[in-house]
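# Architecture and fold: a report
Okay, here's what each chain looks like letter by letter:
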Amino acid sequence: MIKISPSVLASDFSKLGEEAVRMEKSGADYLHLDVMDGHFVPNISFGAPVIASIRNKTNLVFDVHLMISDPLKYVEDFAKAGADIITFHLESDSSADETIDKIHELGCKAGISIKPGTPPEAVYPYLLSVVMVFVFSVVSGFGGQSFLFFLMTKVNKIRDQIKMMGGEVDIQVDGGINEETAEVAARAGANVFVAGSAVFKAENAAEMIKKLREKAKV
Ligand code: DX5
Ligand code: ZN
């Protein structure tokens, strides 16, 4: 099932609640919330209190992307703030098994993400414990970058591995998603598409979300 997850990093932060409502009305499935600590990635965005402040504004699934060094230490804050899916990086300092267990204990769904330099095999041991594997299609930390086409081979390999293991795991691609790249990512095996600039900067967000969904139907 195709899911579109607009990334608020590209939104107007001065009216984040209204932007969340705008995305819901525009047909988004998820709201992608990029948490950056300025240490794991060279950028700082926002923390749990900001997410909590918009939780009761929208029914969108909160797709929280933790680009932080010690996710295990903070997952409880994000669960309490209203996260539905908490995705953390395999390259972080926390134990992946412990972090997945903690996310589940807190009643949230777990996603695992890998940076461009991490091989696809690294996530194979976790495929049956998470609902989503996240593959970066840009260098992490900033919106508005260009899509790195060569990274789609990773998506392909992970999709084949999931099929072989008989799992039902979503593959999320994040970074540089637009009408052209959504199709490329879908052909590689992705079904969840994070789009920041493409949606928030679009003349008509609903139209853009519809186009991305159409292009992803491969
Ligand atoms: C980058 C973030 C992405 C980013 C996507 O580190 O994880 O979610 O906001 O933004 P666009 O769609 O503009 O590349
Ligand atoms: Zn993200």
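Preceding block: the structure.
Along each chain, residue indices are assigned from 1 in the same order as the chain's sequence is written. Naming scheme: in the order in which they are written, chains are lettered from A and ligands are numbered from 1. Where totals are concerned, whole chains, interfaces and linings use all residues; where local detail is concerned, this predicted model gives features only for residues with pLDDT of at least 70, and gives and counts side-chain atom pairs only at 80 or more. The basis for the side-chain values is all heavy atoms of the structure; hydrogens and waters are excluded.

Attention shifts here to the site of ligand 1. If even one non-hydrogen atom of a residue comes within 4 Å of a molecule or strand, that residue is called near it. Surrounding ligand 1, one finds 20 residues, the nearest of these being Asp-34, Gly-141, Asp-174, Gly-196 and Ser-197. Under the rule applied, a polar contact is a pair of N or O atoms within 3.5 Å (in protein, one hydrogen donor and one hydrogen acceptor; residues adjacent in sequence only if both atoms are side-chain atoms). Here an oxygen atom of ligand 1 sits 3.5 Å away from a polar atom, N or O, in the main chain of Phe-142. Measuring from an oxygen atom of ligand 1, one finds a backbone N or O atom of Gly-144 at 2.9 Å. With residues, only the protein chains shown are counted as cover, and all accessible areas are computed by Shrake-Rupley using a 1.4 Å probe. In isolation ligand 1 exposes 380 Å². Once the protein is present, 99% of that is buried. Grid points spaced at 1 Å and placed over the protein atoms alone form the basis of the search, with a cavity being a set where a 1.4 Å probe fits but cannot get out and a pocket an open set showing protein on both sides within 12 Å along at least five of seven lines. Lining residues have an atom within 4 Å of a point. To be counted as sitting in a cavity or pocket, a molecule needs more than half of its atoms within 2 Å of that site's grid points. According to the grid-proximity analysis, the pocket containing ligand 1 is the largest pocket. The biggest single contributor to the shell around ligand 1 is strand S2 (residues 30-36), with 3 residues. Residue classes follow a fixed rule: Ala, Val, Leu, Ile, Met, Phe, Trp, Tyr, Cys and Pro count as nonpolar, while Asp, Glu, Lys and Arg count as charged, and any other residue, Gly among them, counts as polar. Considering only residue class, the shell around ligand 1 consists of 7 nonpolar, 11 polar and 2 charged. Per the convention used, a helix needs a DSSP run of H or I reaching at least four residues, while a strand needs a run of E reaching at least two, with both numbered from the N terminus.

Within the protein, the atoms that donate to the zinc ion (ligand 2) are His-32 (NE2), Asp-34 (OD), His-65 (ND1) and Asp-174 (OD), at distances of 2.0 to 2.3 Å. The donor definition counts N, O and S atoms within 2.8 Å of each metal and applies 3.2 Å to Na, K and Ca; water is not among these atoms, so some sites may look incomplete. Donor angles set the geometry label: tetrahedral for four donors if every angle is between 85 and 135 degrees, square planar for four and octahedral for six if opposite donors exceed 155 degrees and the others are between 65 and 115, irregular for anything else. Considering all 6 donor atoms around the zinc ion (ligand 2), the spread of angles at the metal, 70 to 175°, places the coordination shape in the octahedral class. Along the chain, the residues donating to the zinc ion (ligand 2) are arranged with the sequence spacing H-x1-D-x30-H-x108-D. The buried label goes to any residue with under 20% of its type's maximum accessible area, the exposed label to any with over 50%, and the partly exposed label to all in between, with areas taken from a 1.4 Å probe on protein chains only. For His-32, a relative accessible area of 0% translates into the label buried. A relative accessible area of 4% means that Asp-34 is categorised as buried.

With that out of the way, let us pick up helix H5 (residues 152-165). Helix span, expected: 1.5 Å multiplied by one less than the number of residues in the helix. Between the first and last C-alpha of H5 there are 20 Å, a value that for 14 residues agrees with the 20 Å anticipated at 1.5 Å per step. Among the residues making up H5, those that are buried are Met-152, Lys-154, Val-155, Ile-158, Arg-159, Gln-161 and Ile-162. We call two residues in contact when some of their heavy atoms are within 4.5 Å. Lining the buried residues of H5 we find strand S5 (109-114), strand S6 (132-136), strand S7 (170-174) and helix H6 (179-188). Directly beyond the C-terminal end of H5, a positive phi value near 70° is found at Gly-166.

Sheet architecture is open: 8 strands sit in the order S1-S8-S7-S6-S5-S4-S3-S2, paired in parallel fashion. Edge positions in the open sheet fall to strand S1 (3-6) and S2, since each of these has one partner strand only. With direction set aside, neighbouring strand axes in the sheet form an average angle of 25°. Only when DSSP finds a minimum of two bridges between them are two strands counted as paired. Bridge analysis of strand S4 (residues 85-89) against S5 gives 5 bridges, and the strand direction is parallel. Counted as the bridge partner of Ile-85 is Lys-109 from S5. In this analysis, axes come from line fits to C-alpha atoms, helices being fitted only over the stretch in contact, and the angle between any two N-to-C directions falls in the range 0 to 180 degrees.

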